[in-house]
Amino acid sequence: MYNIRMKFSDYIKFSFFHRLLSASFFGILIGLFFLLSGFYVTQIKIETSGNNVDAYIVKKFLFSPFNKFDLVIKNVKQAKTGTETSSYDERHEIVFEDNNGTKYSLQPPFFLETSNSGITLINQLNKAIKSKTTNTFTIDNKSNISFGLSTILLSCLLFFFLWKYEPKGKKAKQEITNKNKQLINSNENKEKSKYKNINNSIIKK
């Protein structure tokens, strides 16, 4: 009975330990995702050329020196919000319309049409288009940076704390295993000694 209890408690202890270790490692990966997403931005540049207004759109990391435009819209008339709905997702988008009535959809990863920042952005875009003012607008989510850093820090602390105390856990587990083996060997020796005594008594008779 003692042997079974030790094994069961040992299993619960180390199962919980390794789950925490895995969770801390998973937390680091989640933190990295949020950290990198915070540096990913969408920039919209409204530029005038004579009487024409063009929109240049680029998606990049915040400090990247490369400005390869993903979309160039000539003769922009206005900007408005829209929503693309599928069976599994709903994405908010910015819709640009040129003077010919052609529409171009842009889906920034952190754009919400109903938020104050989303409404403000659309108003600023239309103001720049109508006034023919050159301006650059950036859509980002810098709050993800602080959240990602906090998650990484806490997960790393938990990971190294568990890693530091893992050898002690292994040592305790080994000691329990050794005690169990000694107990089993002791019982086996007692049984052998018992049968040996019985056999000796039979031989003497």
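Just so we're clear, the structure is a prediction, and the values are computed from it rather than from any experiment.

**Details of the packing of aromatic side chains**
- Inspection of the entire model under this criterion finds three aromatic pairs.
- Considering the side-chain rings of Phe 34 and Phe 147, the 4.9 Å spacing of their centres and the 75° angle between planes classify their relative orientation as edge-to-face. Here Phe 34 is found in helix α1 (residues 2-39), whereas its partner Phe 147 is found in helix α3 (residues 143-204), with 113 residues between them in sequence.
- A residue is classified by how much of its surface remains accessible, and Phe 147, at 44% relative accessible area, is partly exposed.

**What about unusual backbone geometry?**
- For Asn 75, which is not glycine, the phi torsion reads 55° and is therefore positive.
- A positive phi angle is found at Lys 132, which is not glycine, with a value near 55°.
- Residue position: Lys 132 is located in the loop between α2 (116-131) and β7 (135-139).

**Topic: the sheet that holds strand β6 (residues 103-106)**
- One open sheet accounts for three strands, arranged β4-β5-β6; its pairing is antiparallel. Looking along the sheet, the strands with just one partner apiece sit at the ends: β4 (76-85) and β6. Strand-to-strand twist of the sheet, defined as the mean angle between neighbouring strand axes without regard to direction, takes the value 30°.
- One ladder, built from four bridges, connects strand β5 (residues 90-98) with β6; its direction is antiparallel. Counted as the bridge partner of Val 95 is Ser 105 from β6.
- Its contacts with the sheet put α2 on β4 and β5, and the angle it makes with β4 is roughly 155°.

**As for the environment of Glu 47**
- Looking at the element boundaries, Glu 47 is found in strand β1 (residues 40-49).
- Sequence spacing of Glu 47 and Val 76 is 29 residues, and the spatial spacing of their C-alpha atoms is 9.9 Å.
- At 3.1 Å, the side chain of Glu 47 forms a polar contact with the side chain of Lys 45.

**A word on the sheet that holds β1**
- In space, the four strands of this open sheet follow the order β3-β2-β1-β7, with antiparallel pairing throughout. On the outer flanks of this sheet lie β3 (71-73) and β7, each paired with one strand and no other. Across this sheet, the average inter-strand angle for adjacent strands is 15°, counted without regard to direction.
- Sheet topology places strand β2 (residues 52-61) next to β3; three bridges connect them, and they run antiparallel. By the bridge assignment, Ala 55 is partnered in β3 with Ile 73.
- In this fold α2 packs onto β1, β2 and β7, with an angle of close to 165° to the strand it touches most, β7.

**A few points about the nonpolar core**
- Counting residues in hydrophobic clusters, the biggest one holds 19 residues, and the most contacted among them are Ile 44, Ile 46, Ile 94, Phe 96, Leu 121 and Leu 125.
- Counting residues per element, the ones that place at least two in this core are β1, β2, β4, β5, α2 and β7.
- Ranked by residues supplied to this core, first place goes to α2 with five residues.
- Apart from the residues within four sequence positions on either side, Ile 94 is in contact with Ile 44, Lys 80, Tyr 104, Ser 105, Leu 106, Pro 108, Phe 111, Leu 121, Ile 122, Leu 125 and Ile 139.

**Focus on the side chain of Thr 42**
- Within the secondary structure layout, Thr 42 lies in strand β1.
- Looking at Thr 42, the relative accessible area reads 1%, which means it is buried.
- Beyond its immediate stretch of four places on either side in the chain, Thr 42 contacts Ile 57, Val 58, Lys 59, Leu 106, Pro 108, Pro 109, Phe 137, Thr 138 and Ile 139.

**What about the confidence of the model for the protein chain?**
- Averaged over every residue, the pLDDT of the protein chain is 76; the share at 70 or more is 67%.
- The model gives residues 1-8 a pLDDT under 50, and that stretch makes four contacts with residues more than four places away or in other chains.

Conventions and cut-offs
For every chain, the first residue of its written sequence is number 1, and the numbers climb from 1 along that sequence. Reporting in this predicted model follows two pLDDT cut-offs: at least 70 for local features of residues, and 80 or more for side-chain atom pairs to be given and counted; totals over whole chains, interfaces and linings ignore these cut-offs and use all residues. Side-chain metrics rest on all non-hydrogen atoms present in the structure, leaving aside hydrogens and water. Any pair of Phe, Tyr and Trp rings, taking the six-membered ring for Trp, is counted once the centres come within 6.5 Å. Such a pair is stacked with planes under 30 degrees apart, edge-to-face with planes over 60 apart, and tilted for the rest. Labels follow the DSSP assignment, with helices taken as runs of H or I lasting at least four residues and strands as runs of E lasting at least two, numbered in each case from the N terminus. Using a 1.4 Å probe on the protein chains alone, a residue whose accessible area is under 20% of its type maximum counts as buried, one over 50% counts as exposed, and one in between counts as partly exposed. The criterion for strand pairing is that DSSP finds at least two bridges linking the strands in question. Orientation is described by lines fitted to C-alpha atoms, with helices fitted over the stretch in contact, and by angles between N-to-C directions that extend from 0 to 180 degrees. For this analysis, residues touch if any pair of their heavy atoms sits within 4.5 Å. The term polar contact refers here to a pair of N or O atoms within 3.5 Å; inside protein, the definition further demands a hydrogen-donor-capable atom paired with an acceptor-capable atom, and it admits residues adjacent in sequence only when both atoms are side-chain atoms. Among the buried residues, those of types Ala, Val, Leu, Ile, Met, Phe, Trp, Tyr and Cys that are joined through side-chain atoms within 4.5 Å form a nonpolar core. For every residue, the predictor reports its confidence as pLDDT, a number between 0 and 100.

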